[in-house]
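Per-entry structural report
So you can see what is in the structure, the chains are spelled out below.
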Amino acid sequence: MNDREKLLEKYAAKVYKNRKDHILQLAEGDEDPSIAANTRTIPGVMTARGCCYAGCKGVVVGPLKDVCVITHGPVGCGFYSWGTRRNKARPDEHAEKNFLPYCFSTDMQESDIVFGGEKKLEKAIEEAMQLFSPACIMICSTCPIGLIGDDVQAVAQRTEEKYGIKAIGYSCEGYKGVSQSAGHHIANNGLMRYVIGTGDKAPAKTFSVNILGEYNIGGDGWEEERILKRCGIEVVTMFTGDASYAALKSAHLAQLNLVMCHRSINYIAEMMKTKYGTDWLKVNFVGVGATCQSLREIAAYFNDAALSARVEEVIADELSAICGDMEYYKSRLAGKTAGIFSGGSRSHHYQTLLRDLGMNTVIAGYEFAHRDDYEGRGVIPQIKEDADSKNIETITVERDLEQYRAFYSEDELAALCAEIEIDTYAGMICDMDAGDVIVDDYNALETDELIRTVKPDIFFSGIKDKFSVQKAGVSSRQIHSYDYSGPYSGFRGAVNFGRDVTMSLFCNAWSYVTPPWKHEPTLVGSYGGR
């Protein structure tokens, strides 16, 4: 009985039927492994997923520094999406203001739910304009708003007419879709429809890119931007870490899109390709080898000898600066095993960094992925649209005849695709080994059982299961917010990651603690009577 079968035997028949296709253990010679994804979690199962609102506000639009993003709903929703992610930002030439330290919410109360909250929302917008004077306001709906029918789009339109600014309403109620993935899609639609393409500030340098799906957790985006600038490549904007509304408006003028988090931003990548002719390249700046490969592929795309030479110079210089530290951490970590569960593409990205440190990933999975995140975009035609998918608007864009500017002709692009993968993604599974366990939409029981049977030395996941894993005696680190560390991207980030993992594994205090309930009863009593 393999690890997958041991895990599934814990379930009753109904749950077994639901979960069996979401759990995969790779076998030798398995050419086309398939996994179920993006389906509803069984009520009562303790999943680690977030909601549609969390994907829209908490992930995609929340990091915009010069935008007043108002949560229209209870204050707890706003606080949850504001206080749990470490999106760093600082004022710059595009945005003198930085609103990230603030949590904006209409704080809907019971009476507001009964009588409607549009007037309260408009009052909140009036206060925001008086206090902060933002260039853009975005409104994100939570569950109660969809239930009572407040029209946030109408409020946004009235806001534009009254104040002369851009205002966007997102109907991203938490219950839509099956996870936060639905919120990513809704946010992508809004940015594409109302923001991207409305600016005209052209890049200053010869080579320019956007970094899509980079939310600057712990300063990751700044480290990536530093390396690209050393190579002579201008970052027009990030989507949306340390990004501004002003910069996003001119994102369509960049020559190439670099996609970090495939799941949260692939919609914009595809739509910009159709509308503006902007190719996209799936990159990974997490890991030393992965960063080197991504930089070389970017240089290959631009096909410039001077740029390629400069990239090699930067790589050599960066490697020389970190080689001693990386060798030391590898000497401490070689042979260790890891489990990793996250959202976006991180469960894939961090496996490359763990390999740089001599570690093996034996368990991996995503919270809210679709099949193409696991199996690659080649399976997209096979994915059947269900009722949950139809609940999320899919917008159609057409070629902009005035602003369409493809970098290559179709024939040139086809020739280049023989060297590097452009406008596609191969997925996570192809980089994993026989015997590895892959779990989609993992839950508390599966986490506990996999730790008990597979016995990874360290477990990377989110805050919801971090402490239960630690108390089981296994080192645990947050891969969503880095436990207040970082950056982990790029060359310097790899050293930070090695330091933190080494610290966790060799200072694992919980492994020396035996919980009292393991050797004595937690409840003592007696009962009597007839």
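Now for a look at the structure at hand. (Residues numbered from 1 in each chain as written. Predicted model: local features only at pLDDT ≥ 70, side-chain atom pairs only at ≥ 80, totals over all residues. Heavy atoms only, no water.)

**Some words on the packing of helix H13 (residues 288–302) against helix H21 (residues 490–506)**
Closest axis-to-axis distance for the H13/H21 pair is 9 Å, and the angle between their directions is 170 degrees. As judged from the angle between their axes, H13 and H21 are roughly antiparallel. Along the contact surface, H13 presents Val288, Thr291, Cys292 and Leu295, while H21 presents Gly490, Phe491 and Ala494. For the contact of H13 with H21, the class distribution of residues is five nonpolar, two polar and no charged. (Axes fitted to C-alpha atoms, helices over the stretch in contact; angles between N-to-C directions. Helix = DSSP H or I, 4+ residues; strand = E, 2+ residues; numbered from the N terminus. Parallel < 35°, antiparallel > 145°, perpendicular 65-115°, else oblique. Contact = heavy atoms within 4.5 Å. Nonpolar A, V, L, I, M, F, W, Y, C, P; charged D, E, K, R; others polar.)

**A closer look at the sheet that holds strand E5 (residues 166–170)**
With respect to topology, four strands assemble into an open sheet ordered E3-E2-E4-E5, the strand pairing being parallel. Because the sheet does not close on itself, it has two edges, and the strands there are strand E3 (104–105) and E5. Across five bridges, strand E4 (residues 136–141) lies against E5 in parallel orientation. Looking at E5, one finds that Cys136 is bridged to Lys166. Helix H8 (residues 152–163) contacts strand E2 (67–72), E4 and E5 of the sheet and is inclined by roughly 175 degrees relative to E5. (Pairing = 2+ DSSP bridges.)

**Let's talk about the pairing of strand E9 (residues 279–282)**
Regular strands place their side chains on alternate faces of the sheet. Side-chain alternation along E9 places Asp279 and Leu281 on one buried face and Trp280 and Lys282 on a second face that is also buried. With four bridges connecting them, strand E8 (residues 256–259) and E9 associate as parallel partners. Bridged to Leu256 within E9 is Asp279. In this region the chain leaves E8, passes through helix H12 (residues 262–276) and returns to the parallel neighbour E9; the handedness of that crossover is right-handed. (Buried < 20%, exposed > 50% of the residue type's maximum accessible area, 1.4 Å probe, protein only. Right-handed = clockwise from strand over helix to strand, strands pointing away.)

**Some points on the sheet that holds strand E11 (residues 360–366)**
The strand order E1-E12-E11-E10-E13-E14 describes an open sheet built from six strands, whose pairing is mixed. Edge positions in the sheet fall to strand E1 (23–25) and strand E14 (475–478), since each of these pairs with one other strand and no more. With strand direction ignored, the average angle separating the axes of adjacent strands in the sheet is 15 degrees. Across three bridges, E1 lies against strand E12 (residues 437–439) in antiparallel orientation. Each residue of the ladder has a partner; that of Ile23, found in E12, is Val439.

**As for the pattern of salt bridges**
Enumeration over the complete set of coordinates arrives at 31 salt bridges. Of the charged contacts in the structure, one is a salt bridge between Glu446 and Arg19, with a shortest N-O distance of 2.8 Å. Of the two residues, Glu446 sits in helix H19 (residues 444–454) while Arg19 sits in helix H2 (residues 13–19), which places them 427 residues apart along the sequence. A residue is classified by how much of its surface remains accessible, and Glu446, at 0% relative accessible area, is buried. Given the relative accessible area of 4%, Arg19 is considered buried. Of the charged contacts, one joins Lys229 and Glu225 as a salt bridge, the two residues approaching to 3.9 Å between their closest N and O atoms. (Salt bridge = Lys/Arg side-chain N within 4 Å of Asp/Glu carboxyl O.)

**Some details on the packing of aromatic side chains**
The geometry of an aromatic ring pair is captured by the separation of the ring centres together with the interplanar angle, meaning the angle of the planes. The full count for this structure, using the stated rule, is 20 aromatic pairs. Aromatic side chains Tyr301 and Tyr408 sit 5.2 Å apart centroid to centroid with 85 degrees between the ring planes, which places their arrangement in the edge-to-face category. Placement of Tyr301 in helix H13 and of Tyr408 in the loop between helix H17 (387–390) and helix H18 (410–417) is noted, with a sequence separation of 107 residues between them. Note on Tyr408: relative accessible area 16%, which makes it buried. Connected via pairs of aromatic rings, a cluster forms that spans Phe207, Tyr301, Phe302, Phe407 and Tyr408. Its end group placed over the ring of Tyr425, Lys282 keeps NZ or CZ at 5.1 Å from the ring centre. Looking at Arg332, its charged tip hangs above the ring of Phe506, at a distance of 4.1 Å from the centre. (Phe/Tyr/Trp six-rings, centres within 6.5 Å; stacked < 30°, edge-to-face > 60°. Lys NZ or Arg CZ within 6 Å of the ring centre and 35° of its normal.)

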